[in-house]
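Observations on the model geometry
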Amino acid sequence: MTFRPLHDRVLVKRVEEEAKTKGGIIIPDTAKEKPQEGEVIAVGGGAIKEDGGIRPLDVKAGDRILFGKWSGTEVTIDGQELLIMKESDILGIVEGKAAAKAA
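In this report, the structure presented in the accompanying data block is examined. Quick caveat: nothing in here was measured; it's all calculated off a predicted structure.

Turning next to the sheet that holds strand E2 (residues 37-43). Pairing is antiparallel across the open sheet formed by six strands, whose spatial order is E6-E7-E1-E2-E5-E8. The sheet is open, and its two borders are formed by strand E6 (73-77) and strand E8 (90-94), each paired with just one other strand. Neighbour-to-neighbour, the strand axes of the sheet open up by a mean angle of 45°, direction not taken into account. Pairing between strand E1 (residues 9-14) and E2: five bridges, direction antiparallel. Counted as the bridge partner of Val10 is Val43 from E2.

Grouped together as the largest cluster of nonpolar side chains are ten residues: Val10, Val12, Val40, Leu57, Val59, Ile65, Phe67, Leu83, Met85 and Ile90. Elements supplying a minimum of two residues to this core: E1, strand E5 (64-67) and strand E7 (80-86). Apart from the residues lying within four places of it in its own chain, the contact partners of Val40 are Val10, Leu11, Val59, Lys60, Ala61, Gly62, Asp63 and Ile65. In this structure, Leu11, Ile77, Leu82 and Ile84 belong to the second largest nonpolar core, which totals five residues.

Attention shifts here to the pattern of salt bridges. For side chains bearing opposite charge, pairing can occur when the charged atoms are close. For the coordinates displayed, the defined rule picks out four salt bridges. Taking the shortest distance from any N to any O, the salt bridge between Glu37 and Arg64 comes out at 3.2 Å. Linking Glu37 in strand E2 with Arg64 in strand E5, this pair joins segments that are 27 residues apart in sequence. Among the salt bridges present, the one from Asp63 reaches Lys60, with a minimum N-O distance of 3.1 Å. When its relative accessible area of 11% is taken as the criterion, Asp63 is described as buried. The exposed category is assigned to Lys60, whose relative accessible area is 53%.

Definitions and limits used
- Residues numbered from 1 in each chain as written.
- Predicted model: local features only at pLDDT ≥ 70, side-chain atom pairs only at ≥ 80, totals over all residues.
- Heavy atoms only, no water.
- Pairing = 2+ DSSP bridges.
- Helix = DSSP H or I, 4+ residues; strand = E, 2+ residues; numbered from the N terminus.
- Axes fitted to C-alpha atoms, helices over the stretch in contact; angles between N-to-C directions.
- Core = buried A, V, L, I, M, F, W, Y, C linked by side-chain atoms within 4.5 Å.
- Buried < 20%, exposed > 50% of the residue type's maximum accessible area, 1.4 Å probe, protein only.
- Contact = heavy atoms within 4.5 Å.
- Salt bridge = Lys/Arg side-chain N within 4 Å of Asp/Glu carboxyl O.

This is the structure we're talking about:
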C-alpha cells in the first residue's frame, strides 16, 4: 500500500535511540521515552495560501527532522508505526554530520 499525505501534512518514521548510554548503562524499554527525531517518508503537495495558491513544503522525503514530544497522530501502515503531522509541528531539519552519524 502507498500513502500520500494531503496539503501541509508529513508522514514521519521515528528514529530509534540507542539502548545504551555512553557510559555503557543499558536503558530498559520501560524507561525509554519515544524519540523526538524522525525521517520524513512522504510529504503533501503544499499548504494552501489565502490567495488560493500553493506554498511548497520546506521538508522533503529523506530529511531527518526534530519534532515536539506530543506532535502528530500515530498510525500503523503496512505494520510500521508512523506519525502524520503538520509541517508546523516540525521544529527543524537535522543537517550535516549529525544526520550522517544518525544514519
